[in-house]
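# Architecture and fold: a report
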Amino acid sequence: MKSLLSTLRPAIGTTVLLTVLLGGVYPLLTTGILQLGFKAQAQGSLIRDSDGKVIGSRLVGQNFDQPQYLWGRLSATGTAPYNAGASSGSNLGANNPALMDAVKGRIDALQKADPLNARPIPVDLVTASGSGLDPEISPAAADYQVGRIAQARGIGAAVVKSAIAKSTRQRDLGVLGEPRVNVLEVNLRLDGKLK
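Residues numbered from 1 in each chain as written. Predicted model: local features only at pLDDT ≥ 70, side-chain atom pairs only at ≥ 80, totals over all residues. Heavy atoms only, no water.

## Points about the sheet that holds strand β3 (residues 136-137)
The three strands are arranged β3-β5-β4 in an open sheet whose pairing can be described as antiparallel. Either end of the sheet is taken by a strand with one partner, and the two such strands are β3 and β4 (168-169). The pairing of β3 with strand β5 (residues 180-182) spans two bridges and is antiparallel. Paired with E136 across the two strands is N182, which belongs to β5. Running over the sheet, helix α7 (residues 183-190) touches β3 and β5 and is turned about 55° from β5. (Pairing = 2+ DSSP bridges. Helix = DSSP H or I, 4+ residues; strand = E, 2+ residues; numbered from the N terminus. Contact = heavy atoms within 4.5 Å. Axes fitted to C-alpha atoms, helices over the stretch in contact; angles between N-to-C directions.)

Here is the structure:
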């Protein structure tokens, strides 16, 4: 009995110690550091209007399909586009007929919305991202839509391009990733809700 207690005591003590450290101290410490050093990111990179109301997040795409707005990538999150609770890619192979139909449907929608635009359609406007929630598109995809947006809003193309330029992020640290345009930010700038 004594040897059993001498064996269990360190095991129980270690379990309690690790539970307190890893289940309490570590999460509180990391949360505190993140709140102090990276508050906006730690709280979801939320975008708020002038009244402080949350409009969206810089990290999760939103569905825009009206002609006066910049359109993002296709969302593969099921029946509700950009549903963060159903994040996933489509898992359709390059030769899958369903993927081909989705691409053709998006090409048709883009051509119908802007019939005078004869430029090649950037691939990120007709395919979904791996998460189905991508909030950004390439500068080429944004530039492809300038004419449609300007015409629908009755404004000059330079105004649309300025909103796109202000919402474009370059490569992180100058080498990581690709330049990208945040769709929600552009649309909020065009609506006058973000400077």
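Text resumes after the structure shown.
## A word on helix α5 (residues 146-153)
When α5 is considered as a whole, its buried residues turn out to be V146, R148, I149 and A150. Contacts from the buried residues of α5 go to α3 (97-113), α4 (139-144), α6 (157-166) and α7. Just downstream of α5, G154 is the residue with a positive phi angle, here 70°. (Buried < 20%, exposed > 50% of the residue type's maximum accessible area, 1.4 Å probe, protein only.)

By themselves these figures say nothing about function.
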